[in-house]
Every structure is written in structure tokens, then in C-alpha cells.
Amino acid sequence: MTTSGSLYGAAAVVGIGTTPYRKRGTAPASALRLTLEAVLAACADAGLDPRSLDGFVSYANDSNEGIAVGSALGVHEIRWSTMVWGGGGGGVAAAVNAAAAAVACGQAEHVVVYRGITEVDDGRGSYGRGHFPPLLHSHGLLTPAQICALRTQRLLEVDGVPRSALEALVRADYAHAQNNPAAVAYGRPLDPAVYADARWISEPLRLYDCSRENDAAAAVVVTSARRARELVERPAFILSGVQGATRGWSESAENETSYTSAGFHPELVRRLWDGAGVKAGEVDVVQVYENFSGPAVAALIDLGLCPPGPEAGRFMTVENLTAPHGRLPINTAGGNIAEGFVHGIGLVLEAVRQIRGTSVNQVPGADLSLLLGGPMAPLVSATLLGSQRTLAGR
Amino acid sequence: MGADIAPGVPADLPPVVERHGQVVAAGDQRATLADFRPDRIGQLVASAALPDRMSGSEVLSIAPGDGGLMTAHIRYSGVDGERIVLRSRWIRLPQGWRVSDVRNVPDTPPVLAPVELGGPDEPYWAAAREGELRIQRCGGCGEWIWAPRPICPACHGFDLEWPVVAPEGRIFSWTRTWQPFAPEVRGHLPYVVVLVELPAAGGRRVLGVLRDADGADLRIGLPVRGEFDPPASPAAVPLLRWRIS
Ligand SMILES: [Zn+2]
């Protein structure tokens, strides 16, 4: 399947770093400072001098430009800088892919992918900025929560996905967070009765169906496969990466063609699997972006990881979704909902930990670790990470 | 004049509701918050709108409602003569009766100032001021285009028309919003946004706030008919309101 021009195995994540997840509005420092702390941590993790970073990538309109981060670190040279367009966390995996593309074709050697927010610097709901024109805003549609509520309502009512599928996803997040001391929900298990009786945010979404932004930053360092093997013992190789918005998907004031899809359209999904030469059923663990529970379920359906319609309820059970022995463990650090929410960057770190074997909810022998960014956002993306073993024999 | 207490209302509730009205009208915030369900104080506080300065309260009615909750209507009087009615629904918790949700009655739509007009949707708003629903269509190939764009995505023509379209269709999806996402929605929560599929515009879908949505049993596929509410203020835009037909 490897072809010239393919990303397959050309790049790897070698360093991960994060600040603590704090309640929004409570960070003791600016978003830039938090970002710098996360970048330094990621470089330390990789055993890399931060001054040798030469590429900077972010998404979701991060307010700290790569040149600001790079110059603050006194890097020798900035050779690559990219901002992925599109609101929300749809660009999170696309940012990793952009970094991989840069190192794969020699445009840069050590690229950092980062995202940092504080409520003081970025306000609330910075994921949606610029995506609520008067046609939405004037009619009372003010937030991604409401857009995802409209789409989730149809997912439930017309497609027949049962509510229990949403609940299972949220409860798996919370269950995983109980083993993660860094998670905001650590020590606060979710009682099913509390989930079911929580206040409505926008029907059919209740409080625990929704992620809530934290003040925090996180970063990962991507480098070439050759350099990765020099730096670390267990690089997380990028096997395949896609981003996309199919015809009629984006900026359509709720006229998206496949309305209950998460946006991972069939051609994109095929490119993802073909790029790595694997099938959906072979994936060991998934970090699926849950801005809200409904879109995350829709993403798993789009990818062929979960059956559509009423059958989704049979597959989406807490048991199936929980490490170590579930059929498809998801969000093993707690995810956006229970670990912390900085527009999905935390999911990247956890996808890497699973390949390294260092997750607090490790899936035994995980070789294929999937990252899904920003379901139902104007642009969505995915990255499939693999261990050294997955590259063997190619 | 006494409150209208329906059969089935537990005897210990009316004094609690009576006192709640009094502490709210007196502006006693601590006592008011103590009456709210502890897991949703912030949402409840920012949901209802009251007169700035109040002279009194009157419990109008208490009756059993949906889901085992008790429904109370309380009228608050402002010092300037304004009268506002809030409907609160009460739940019995181990620590006593608490407000589980609250809203202003009757239900009215939120009025949000437009963030920026002058984009490709400008003709929509101009027509709305005349009470007409107009949807963009390509003059070259006939493609219905929504959201409006500066070009036809099908044929790349720039000859774009805005025909009048019958405001009739079916609910494609809906959401009832309870969270006070902006200060302007206070006093209008919860409200229902419907996405309506328009057969007269090639199945394109438009948004709007549903009329008489309070307590409505909503279903995707219900037929609806729309009309424009005139702008609530000079800075506001006309609102497309839908009604189940
Ligand atoms: Zn055309």
C-alpha cells in the first residue's frame, strides 16, 4: 500500500507534554506561557533541545502564532508554520498530519503541534469564533452545543441510535478518568442516575454530554522516522492521516448533506484505512473527540467502528468501551469530557501513550491507535498511529 | 385573593412557594438561591428575568405537573407597575422542596442583535423586513443555494437570484435550549430552535424560533408554517417564527 508521496511511517511523535488542566478562568499564567511550558515538557520528554524545534503547527485559531512561540524559545530557525482552518477541534488530527507532512518531505525536522487556552486570553467558546453568522445567531443558535444538539436529535429520532449509546460513551470517559490523577474528573465517578437527571443544556444534550473548556496547554513533537529512532525507544509512527469536508458539508447553515454524519465522509474514511493498509476492525484503541456525546458516537459510526442506527446501542456499552479488555476502548485518559478540554490536544497525547504502553488505562499490546478530531465541526480529521511492530515487514 | 391550589398538591408546598415569592421580591439573594436545586443554581439564576426593583409577589397557582414536579405561577410586581409572571417547577429533595426549573410566561423569543450584516445573506434580511422569505437560487443553473454565497457552487455563475419562497415545510430537527448562553436570552429560556426543510426551495433548510413551543410535544417531520416577527428594536433583525400547522 505504501506509495511514493504517502505519509505511511515517514514521521512519528517523539515527545508529549502538558500543563495541568485547570478550571477555566483560574490559570496563574497566560495562554502563551502555558503553551511554552507544554512545549518544553514535550521536548524534555523527547530528549530534544527546544532550540532545535523548527516547525510550529496549531489549529482552532490558536491565538499564539508559531512565530511567537518559536521566537520566545529562541529557536535556531523557523522553517515551517501552519494553522489549520476550521472551527473547533476538527483540525486537531489535521495539525498532526501537517507536522508529519512537513517532516516527511524535509521541510522541517522537529515540528511541535500545540494548543493552549485560558479564559482570560481567549474568552469562552473560542472554538466557535467566527462560525456563528447572523442566520444562526439571530435565531438563537449561539454555540456549538446547540448545533450538535440539533444534529444529535435527528441521530436519535430518525436514525434510531439509542440514548444509551451516548451515555455509555460518557460513562467510559468517566471510568477511565478514575485511574488518571491528572483528569479533572479524577475521584469524581459519574453516577448513572446523576447523568440521567442532570440539567438540560440544549435537548437532547444534558450537562454530562458536554465538554467544558479548561485553562491548559499541551503539545507533541513530530519528527522524521529516522530521527525518531535516534531520539526515543518507542516512537508513535504516523501511519495515515486525513482531513476533510465533503461537498456541501461546511458553512451551510445546517444544510449539510449527510446531516447526522460526524463529517467523516466515505472517501475520507477509505483514504484513512487504505493509507495505512488496515481495516476498521484492526484498531486497538480510539481517542474520539467528544465536544458532545452525540457527535462522538456519530464519528465512530462514520468510521465503521460502531454499527449505525439501533444496533449502535448493542455495541456502545460501558464494558465494550473500557480498557483494558473492552472490544474498543475509547478515550482512555478520560477524554475531553472527563480528563480536560483544550480542543482535543489531550487526545493526541493519549493516543501516543497507548503506542508507548504508558497509559493509565493501557490496552495490552496496543499497536494501532486512532485519533479522531472534531466530529460535526466544519472540518474534521483523523490520524492513525502505529507502533514499530506495525511497520515491520513493509 | 388566594392562590389557586389544585388537588394533589402536598400541603407543605404552598407555604414554601409563598415564602419563595416574598424573598425573591425582597431581593434576598441568599434566601432565593437556597430554594434552587443545588446542581443548577447558575442556570436558574440566569434564566428568568424580573423587574429591576420589586414591590411584591403573588402566588397565582400551584398544580401537579409533568414528571412528578409541582408547577407554581408567581406574579412579581415592579415598583414602576411592571408585572412579570414566572413559572417554577418544584421537586421534593431530601432537604426539602427546591426549584428544578423556572421560566418567564408567556414564552417569547430571544432578541439578539446581529453581529454583522452586509454579507451574502443581506437580501434575506431585507426581504424579511417586508415579511417575505427569500432563498438564494442560481439564475444560470437553477441550483438552490443555502447558506447564501457569492457564487453558485454548482456552475460558478455569479448571476444569483432571490425568489420568494412559501414559508412552509416540515421540522427536520429541533432543540430546546435551556442554558443561558448569552445575557440576551435571559427571560426567554427555554426556547426551541427548529430547522425546517422547505419543499419550495429544493429541500433547503432554514432556521427559526418555534412559536408556542412551551410544553409542545415536538417531533421531526411535523408540518410547520412560518412568518416574520417585526424587529423588536431598531438594532434587531426580523425573526422567522414557525408554528406547528
Ligand atoms: Zn449555478
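Quick caveat, the model's predicted, so the values are computed rather than measured.

## Examining the packing of helix α7 (residues 163-177) of chain A against helix α11 (residues 293-302) of chain A
Residue and element names in this part refer to chain A.
Logical step 1: Packing of α7 against α11 leaves a shortest axis separation of 9 Å and a crossing angle of 100 degrees. One way to sum up the angle between α7 and α11 is to call them roughly perpendicular. Only Ser-293, Gly-294, Ala-296, Val-297 and Leu-300 of α11 make contact with α7, whose side of the interface consists of Ala-165, Leu-166, Leu-169 and Val-170.
Logical step 2: Of the residues in the contact of α7 with α11, the class split is seven nonpolar, two polar and no charged.

## So, the confidence of the model for chain B
Logical step 1: Averaged over all residues, the pLDDT of chain B is 95; the fraction at 70 or higher stands at 99%.
Logical step 2: For this predicted complex, the interface confidence reaches an ipTM of 0.96, while the overall pTM sits at 0.96.

## Overview of the packing of helix α6 (residues 144-157) of chain A against α11 of chain A
Residue and element names in this part refer to chain A.
Logical step 1: It is at 8 Å that the axes of α6 and α11 come closest, and there the two elements cross at 55 degrees. The orientation of α6 relative to α11 falls into the category oblique. Remark: the crossing between α6 and α11 carries left-handed chirality. Across the interface between the two elements, Cys-148, Thr-152 and Leu-155 from α6 touch Gly-294, Pro-295 and Ala-298 from α11.

## Remarks on the pairing of strand β10 (residues 191-198) of chain B
All names here are of chain B.
Logical step 1: Among the eight residues of β10, seven are classified as buried, and the element is accordingly described as predominantly covered.
Logical step 2: In this sheet, β10 lies alongside strand β9 (residues 168-177) in antiparallel orientation, the contact comprising seven bridges. From the neighbouring strand, Arg-170 faces β10, where its bridge partner is Glu-197.
Logical step 3: Here six bridges tie β10 to strand β11 (residues 204-210), and the two strands are oriented antiparallel to one another. Bridge pairing links Val-193 to Val-209 in β11.
Logical step 4: Connecting β10 to the next strand, β11, in antiparallel fashion are five residues, including Gly-202 with a positive phi near 65 degrees.

## Brief notes about the sheet that holds strand β4 (residues 83-93) of chain B
Two modes of strand pairing occur in sheets, parallel and antiparallel, and in both the strands are linked by backbone hydrogen bonds.
All names here are of chain B.
Logical step 1: Across the sheet, which stays open at both edges, the five strands sit in the order β1-β2-β3-β4-β5 with mixed pairing between neighbours. Sheet topology places β1 (4-5) and β5 (96-105) at the edges, where each strand pairs with a single neighbour.
Logical step 2: Strand direction decides the pairing type here: β4 and β5, joined by nine bridges, are antiparallel. What sits directly across from Ser-88, in β5, is Val-102.

## What about helix α15 (residues 345-356) of chain A?
All names here are of chain A.
Logical step 1: End to end, α15 covers 17 Å across 12 residues, agreeing with the expected 16 Å (1.5 Å per residue, within 8%).
Logical step 2: Across the 12 residues of α15, 12 count as buried, placing the element largely inside the fold.
Logical step 3: Every buried residue of α15 is listed here: Ile-345, Gly-346, Leu-347, Val-348, Leu-349, Glu-350, Ala-351, Val-352, Arg-353, Gln-354, Ile-355 and Arg-356.
Logical step 4: One or two positions beyond α15, positive phi appears at Gly-357, with a value near 85 degrees.

## Brief notes about the domain arrangement of chain B
Residue and element names in this part refer to chain B.
Logical step 1: Domain assignment breaks chain B into domain 1 (4-105) and domain 2 (119-244).
Logical step 2: Each of domain 1 and domain 2 was reduced to a C-alpha centroid, and the two centroids are 35 Å apart.
Logical step 3: With 12 residues of domain 1 in contact, the opposing surface of domain 2 contributes nine residues.
Logical step 4: Buried surface at the junction of domain 1 and domain 2, both sides included, amounts to about 920 Å², of which 43% is carbon and sulfur.

## With respect to the interface of chain B and chain A
Logical step 1: Listed by partner, the interface residues are 43 residues for chain B and 35 residues for chain A.
Logical step 2: Summed over both partners, the interface of chain B with chain A buries about 3400 Å², with 56% contributed by carbon and sulfur atoms.
Logical step 3: It is Phe-181, Arg-205 and Leu-207 of chain B in chain B that bury the most area against chain A; as a group they hold 17% of the surface buried on that side.
Logical step 4: Scanning the region where chain B abuts chain A turns up four salt bridges.
Logical step 5: In this structure, Arg-219 of chain B and Glu-157 of chain A form a salt bridge, with 3.8 Å as the shortest nitrogen-oxygen distance.
Logical step 6: Looking at the side of chain B that touches chain A, the elements that each hand over two or more residues are α4 (122-129), β9, β10, β11 and β13 (239-244) of chain B.
Logical step 7: Sorting elements by how many residues they give to the side of chain B that touches chain A places β9 of chain B first, with six residues.

## A closer look at α4 of chain B
Because an α-helix completes one turn every 3.6 residues, residues spaced three or four positions apart along the sequence face the same direction.
Logical step 1: Those residues of α4 of chain B that sit buried are Tyr-124, Trp-125, Ala-127 and Ala-128 of chain B. One side of α4 of chain B holds all its buried residues, which, seen down the axis, span an arc of 160 degrees.
Logical step 2: In this structure, the buried side of α4 of chain B is in contact with α5 (134-137) of chain A together with β12 (223-229) and β13 of chain B.

## Concerning the side chain of Arg-205 of chain B
Logical step 1: Within the fold, Arg-205 of chain B resides in strand β11.
Logical step 2: Summary of buried charges: Arg-205 of chain B has no salt-bridge partner, and the nearest side chain of opposite charge, Glu-197 of chain B, is 4.6 Å away.
Logical step 3: Polar contacts involving the side chain of Arg-205 of chain B include one to the main-chain carbonyl oxygen of Glu-254 of chain A, which spans 2.9 Å.
Logical step 4: Within the local environment of Arg-205 of chain B, its side chain forms a polar contact with the backbone oxygen of Glu-256 of chain A, the two atoms lying 2.6 Å apart.
Logical step 5: With residues near it in sequence (within four places) discarded, Arg-205 of chain B still touches Ala-253, Glu-254, Asn-255, Glu-256 and Tyr-259 of chain A together with Trp-146, Phe-172, Leu-195, Val-196 and Glu-197 of chain B.

## Side note on unusual backbone geometry
All names here are of chain B.
Logical step 1: Residue Pro-106 is reached from Val-105 by a cis peptide bond, and omega for that bond is -5 degrees.
Logical step 2: Within the fold, Pro-106 resides in the loop between β5 and α4.
Logical step 3: Residues Trp-146 and Ala-147 are joined by a peptide bond in cis, for which omega reads 5 degrees.
Logical step 4: The topology assignment puts Ala-147 in the loop between β7 (144-145) and β8 (160-161).
Logical step 5: One non-glycine residue, His-156, adopts positive backbone phi at about 65 degrees.
Logical step 6: With respect to the secondary-structure elements, His-156 resides in the loop between β7 and β8.

## Some details on the sheet that holds strand β6 (residues 136-138) of chain B
All names here are of chain B.
Logical step 1: In spatial order, the strands read β7-β6-β8; together these three strands make up an open sheet with antiparallel pairing. The open sheet is flanked by β7 and β8, the only strands paired with a single partner.
Logical step 2: As paired strands, β6 and β7 are joined by two bridges and run antiparallel to one another. Residue pairing in the sheet places Gln-136 in a bridge with Ile-145 of β7.

Conventions adopted
- Residues numbered from 1 in each chain as written.
- Chains lettered and ligands numbered in written order.
- Predicted model: local features only at pLDDT ≥ 70, side-chain atom pairs only at ≥ 80, totals over all residues.
- Heavy atoms only, no water.
- Axes fitted to C-alpha atoms, helices over the stretch in contact; angles between N-to-C directions.
- Helix = DSSP H or I, 4+ residues; strand = E, 2+ residues; numbered from the N terminus.
- Parallel < 35°, antiparallel > 145°, perpendicular 65-115°, else oblique.
- Contact = heavy atoms within 4.5 Å.
- Nonpolar A, V, L, I, M, F, W, Y, C, P; charged D, E, K, R; others polar.
- pLDDT = per-residue confidence, 0-100.
- Left-handed = near helix turned anticlockwise from the far one by under 90°.
- Buried < 20%, exposed > 50% of the residue type's maximum accessible area, 1.4 Å probe, protein only.
- Pairing = 2+ DSSP bridges.
- Expected span 1.5 Å × (residues − 1).
- Domains from an automatic or database assignment.
- Buried area = accessible area lost by both parts, 1.4 Å probe.
- Salt bridge = Lys/Arg side-chain N within 4 Å of Asp/Glu carboxyl O.
- Arc of directions from axis to C-beta.
- Lys, Arg positive; Asp, Glu negative; His and termini not counted.
- Polar contact = N/O pair within 3.5 Å; in protein donor to acceptor, adjacent residues only side chain to side chain.

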